[in-house]
Amino acid sequence: MIRSRVPKIFYKFADNVRDATPNYDSSNDEMIFWGLSKFHGPDREAELMELATCLREMLGGKFTDAELNQFYSASDANIKYNDPKLLRALLEEALTTVESALEK
């Protein structure tokens, strides 16, 4: 139910976010790298554009930080956030990373 409130492209990213370190202390960059690792092949650019649009809408006031946290918590990511502000920071950094990738 909660997953149906946001585009599937968000979960293609969020389901693959990983903290691959033994102490769960990866940087946001590393976790974003894992999240974006599923975006490859001939549709990569179109999917990244869709993800960027999705993240802009999600971060642009459409949802509260608590709602963002609920959506992310419904994903298969192996790291979750108790503080929604930390998740917002991760998603903002992910958006910046996606936008940079699209500019190349």
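Please read all numbers here as calculations on a predicted model, not as lab measurements. (Residues numbered from 1 in each chain as written. Predicted model: local features only at pLDDT ≥ 70, side-chain atom pairs only at ≥ 80, totals over all residues. Heavy atoms only, no water.)

A. Representation of unusual backbone geometry within the structure. A positive phi angle, near 50°, is found at Tyr-24, a position not held by glycine. Mapping Tyr-24 onto the fold places it in the loop between helix 1 (8-14) and helix 2 (28-36). (Helix = DSSP H or I, 4+ residues; strand = E, 2+ residues; numbered from the N terminus.)

B. Focus on the environment of Tyr-24. Sequence separation between Tyr-24 and Asn-78 is 54 residues; the distance between their C-alpha atoms is 9.3 Å. Not counting chain neighbours up to four residues away, the residues in contact with Tyr-24 comprise Asp-19, Asn-78 and Ile-79. (Contact = heavy atoms within 4.5 Å.)

C. Fine view of the pattern of salt bridges. As enumerated under the stated definition, the model contains five salt bridges in all. With its nearest N and O atoms 3.1 Å apart, the salt bridge here joins Glu-99 to Arg-56. With Glu-99 in helix 5 (residues 84-103) and Arg-56 in helix 3 (residues 44-62), this pair connects stretches of sequence that are 43 residues apart. Look at Arg-56 and you get partly exposed, because its relative accessible area is 39%. The closest approach of N and O atoms between Glu-92 and Arg-88, which form a salt bridge, is 3.8 Å. On the criterion of helical spacing, the pair formed by Glu-92 and Arg-88 is a turn pair, its members being four residues apart in helix 5. (Salt bridge = Lys/Arg side-chain N within 4 Å of Asp/Glu carboxyl O. Buried < 20%, exposed > 50% of the residue type's maximum accessible area, 1.4 Å probe, protein only.)

D. Inspection of the nonpolar core at higher detail. Counting 31 residues, the largest nonpolar core has Phe-10, Phe-13, Leu-36, Leu-51, Met-58, Tyr-72 and Leu-91 as its most contacted members. When contributions to this core are tallied by element, the ones reaching two or more residues are helix 1, helix 2, helix 3, helix 4 (65-73) and helix 5. Tallying contributions element by element places helix 3 first for this core, with seven residues. Once residues within four sequence positions are removed from consideration, Phe-13 is found in contact with Ile-32, Gly-35, Leu-36, Phe-39, Leu-51, Leu-91 and Ala-94. (Core = buried A, V, L, I, M, F, W, Y, C linked by side-chain atoms within 4.5 Å.)

E. Structural detail: the packing of helix 2 against helix 5. Two elements in contact, helix 2 and helix 5, have axes separated by 10 Å at closest approach and are oriented at 60°. Taken together, the axes of helix 2 and helix 5 lie oblique to each other. Judged by the sense of rotation from one axis to the other, the crossing of helix 2 with helix 5 is right-handed. Every residue of helix 5 that contacts helix 2 at Asn-28, Asp-29, Met-31, Ile-32 and Leu-36 is listed here: Ala-89, Leu-90, Glu-93, Ala-94, Thr-97 and Val-98. Across the contact of helix 2 with helix 5, the residue classes break down as seven nonpolar, two polar and two charged. (Axes fitted to C-alpha atoms, helices over the stretch in contact; angles between N-to-C directions. Parallel < 35°, antiparallel > 145°, perpendicular 65-115°, else oblique. Left-handed = near helix turned anticlockwise from the far one by under 90°. Nonpolar A, V, L, I, M, F, W, Y, C, P; charged D, E, K, R; others polar.)

F. Representation of the side chain of Asp-15 within the structure. Tracing the backbone shows Asp-15 in the loop between helix 1 and helix 2. For Asp-15, a relative accessible area of 15% corresponds to the buried category. Setting aside residues up to four positions removed in sequence, Asp-15 forms contacts with Arg-3, Ser-75, Asp-76 and Ala-77.

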